[in-house]
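Listed below, chain by chain, are the residues.
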Amino acid sequence: MKISLKTIPHIANKIAVDLNKSGAVTMTKGLENVALEAQKVLEENVKQEMALEKKVDEICMDNEEEIEFMLADERQLFFMIKKKLAPEYGVILDYEERYSDISHKILDELYEEDLIHFEVTENRIKNIIYNAITSFIADASEIEDAVMDKIRSYKRKFIPGTDEFDILHEKLYREELMKKGME
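Here is a short report on the structure shown in this document.

So, how was this worked out
- Residues numbered from 1 in each chain as written.
- Predicted model: local features only at pLDDT ≥ 70, side-chain atom pairs only at ≥ 80, totals over all residues.
- Heavy atoms only, no water.
- Helix = DSSP H or I, 4+ residues; strand = E, 2+ residues; numbered from the N terminus.
- Polar contact = N/O pair within 3.5 Å; in protein donor to acceptor, adjacent residues only side chain to side chain.
- Phe/Tyr/Trp six-rings, centres within 6.5 Å; stacked < 30°, edge-to-face > 60°.
- Buried < 20%, exposed > 50% of the residue type's maximum accessible area, 1.4 Å probe, protein only.
- Expected span 1.5 Å × (residues − 1).
- Contact = heavy atoms within 4.5 Å.
- Patch = residues over 30% accessible without salt bridge, like charges linked within 9 Å, V, L, I, M, F, W, Y side chains within 5 Å.
- Areas by Shrake-Rupley, 256 points an atom, 1.4 Å probe, with all protein chains shown as cover.
- Salt bridge = Lys/Arg side-chain N within 4 Å of Asp/Glu carboxyl O.
- Lys, Arg positive; Asp, Glu negative; His and termini not counted.
- Charge placed at Lys NZ, Arg CZ, Asp CG, Glu CD.

1. Examining the side chain of His 10
Of note, His 10 is situated in helix α1 (residues 8–22). Of note is the side chain of His 10, whose polar atom sits 3.3 Å from the side chain of Glu 170.

Laid out in structure tokens, this is it:
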């Protein structure tokens, strides 16, 4: 599953909380600073993929007539172009490898910014970060379903995309994260 800009602050908080709970690190400047640094790395990675997808969209649009003439499968073509351009944009398409790479980058940033100290191996810390990311993603669809069920249960109907819907959604999303101990 892809990481979206909307979920990044929640993932970053989970990383900070899980590192703190692990007992393997000492946070020198608090949980919030660790979460902010993790958030920066995650945002950079997601923005790289967004730039890649924008370029692929442009290529597809520029060749729209030829694609239609050839009766090509647009989704498959999109992925093939994305796969070809991914190294140029520094995007790893395999999610397992990607989350491992992100985990390593987060660890490097936390260490370089002197936000954490640890006496264990770097690999153990990287694995804590990796597990925080992957477990959040695994729980994300379950959380989203619970939030949408709650929104639908209200007598008043909320329209997706409106400010009211977004505020309510965010509030309920945070509540679900707290129930699961993820925030």
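Moving on, there is more to tell.
2. Regarding the packing of aromatic side chains
Counted by the stated rule, this structure contains three aromatic pairs. Ring centres of Tyr 111 and Phe 118 lie 5.9 Å apart, and the angle between their planes is 55 degrees; on these two criteria the pair is classed as tilted. On the basis of relative accessible area, Tyr 111 is assigned to the exposed category, the value being 52%. For Phe 118, a relative accessible area of 18% translates into the label buried. Considering the side-chain rings of Tyr 154 and Phe 158, the 5.9 Å spacing of their centres and the 70 degrees angle between planes classify their relative orientation as edge-to-face. Taking the relative accessible area as the measure of exposure, Tyr 154 reaches 34% and is therefore partly exposed.

3. Focus on helix α5 (residues 95–112)
For α5, built from 18 residues, the straight-helix expectation of 26 Å at 1.5 Å per residue is met to within 8% by its first-to-last C-alpha distance of 25 Å. For α5, the elements touching its buried residues are α1, α2 (31–62), β2 (116–118) and α6 (122–153). In the segment just after α5, Asp 114 is the residue with positive phi, at about 55 degrees.

4. Some points on a negative patch on the surface
Together, Glu 64, Glu 65, Glu 68, Asp 73 and Glu 74 give the surface a local cluster of negative charge. A per-element tally of the negative patch places helix α3 (residues 64–70) first, with three residues. Tracing the backbone through its elements, the reader meets Glu 65 in helix α3. Judged by its relative accessible area of 70%, Glu 65 falls in the exposed class.

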